[in-house]
Amino acid sequence: WLLLVGCIENGIIPDIETTDQIRAALKKHFTANPTRAMELREIGPPGVAEGWAVRVWPALTKFIGITGGICAVSVPKITHVLGPSVAIQSCVYGSSECRIALPYLNGNPATDFRVRMDDGLIEFVDVLSDEPSEHVLSAWELVKGGHYQPILTTRSGLWRYRLGDVIAVKGFAPDDGMPVINYMHRRENSSSLETCTESELTSAIISTAKQWIGQLSDFTAVRDERKIPYAFGFLLEIEGELGNDAIMAPQKISELLTASSFEYRYAFWKGVIRKPTIRLVGKGTFEEFRRWKCDKAG
């Protein structure tokens, strides 16, 4: 933050590695602005106060990002930084590369989405059918009340893949006949999600961390098989200090999963699964892992 404000005040672009090709172009549009630097110093660094982003950019009205699944951990931070003047609404259901559906305004826009095919071709597989998984259905072949897994074929790049979600068809829009859907849960082949959906795990850890552990910056859930029976193992990266009663977190997560998931409750009572485990990792661990994956991939 101090480096950024100093650059704005003096009109100097720092000599940062890998910026050689763009420095000349940036310098043409970058001049010293002591007044703006003074404003930013008065506001303070990111996150110090509620509504920080709106103070830095007064015209800010919209935030766009991936906030579902594991990315839901970012929502409390975003809400704090934006403040009450910027509403966070569910805008799009889809993947990073392709929109599947937009809020259906004639229903409940928070839960009802109308399938669109602006960014690619959306097909479906009936998750409850006895048909082979290769038996793909078009939008007009869906049945009200049916549960399906979307398959995307993107227009940009021509990627085709299963999204991994399960959606339920609520009905069909009367104007164009496109399906109106509700998101149900993430369907994974991973054995770590045998008894709980991704949304149930995400909700449980975020709620527990907020009250008992501390501010989450990143997390993931794995199958912990170090003891039998297995458990959900949560790897957490937190900001700030660990909560005084963090030792209670595994019990609280188990209670939340027991209340939200019949499958978990049944498995826990039968002794098929044990209480969740939690391990804290150092700050930057997830970012370092992502960087390692990118380097390995390419």
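One can find the structure itself at the top, above this paragraph.
What this report covers is the structure whose coordinates are included nearby. Because the structure is a prediction, the values reported are computed rather than measured. (Residues numbered from 1 in each chain as written. Predicted model: local features only at pLDDT ≥ 70, side-chain atom pairs only at ≥ 80, totals over all residues. Heavy atoms only, no water.)

1. Section: the overall build of the protein chain
Part 1 of the reasoning: Across its full length, the protein chain holds 9 helices and 11 strands.
Part 2 of the reasoning: Within the protein chain, buried positions represent 36% of all 298 residues.
Part 3 of the reasoning: A separation threshold of at least 6 residues defines the contact pool for the protein chain, and within that pool the share at least 24 residues apart is 52%.
Part 4 of the reasoning: With an accessible surface of roughly 18,600 Å², the protein chain has 56% of that area assigned to carbon and sulfur atoms. (Helix = DSSP H or I, 4+ residues; strand = E, 2+ residues; numbered from the N terminus. Buried < 20%, exposed > 50% of the residue type's maximum accessible area, 1.4 Å probe, protein only. Contact = heavy atoms within 4.5 Å. Areas by Shrake-Rupley, 256 points an atom, 1.4 Å probe, with all protein chains shown as cover.)

2. Points about the nonpolar core
Part 1 of the reasoning: Within the largest apolar cluster, 20 residues are counted, with the highest numbers of intra-cluster contacts made by I205, I213, L216, F232, F234, L236 and L257.
Part 2 of the reasoning: Listed by contribution, the elements that provide at least two residues to this core are α6 (198-213), β9 (215-224), β10 (231-239), α7 (249-260) and α8 (262-270).
Part 3 of the reasoning: For this core, the element with the most residues is α6, which contributes 6 residues.
Part 4 of the reasoning: Residues contacting I205, with those up to four places away along its chain left out, are I213, L216, F219, F234, L236 and I253.
Part 5 of the reasoning: In terms of nonpolar packing, the next biggest core, distinct from the first, is built from 18 residues, A101, V115, I122 and F124 among them. (Core = buried A, V, L, I, M, F, W, Y, C linked by side-chain atoms within 4.5 Å.)

3. Side note on the environment of I273
Part 1 of the reasoning: Note on placement: I273 falls in the loop between α8 and β11 (277-280).
Part 2 of the reasoning: A relative accessible area of 2% means that I273 is categorised as buried.
Part 3 of the reasoning: Other than its neighbours up to four places away in sequence, I273 contacts T195, P229, Y230, A231, F232, Y264, A267 and F268.

4. Considerations on the pairing of strand β4 (residues 120-126)
Part 1 of the reasoning: The buried fraction of β4 amounts to 5 of the 7 residues, a majority that puts the element mostly inside the structure.
Part 2 of the reasoning: Judged from the 7 bridges that link them, β4 and strand β5 (residues 147-154) form a sheet pairing that is antiparallel. Considered in β5, the bridge of G120 is made with T154. (Pairing = 2+ DSSP bridges.)

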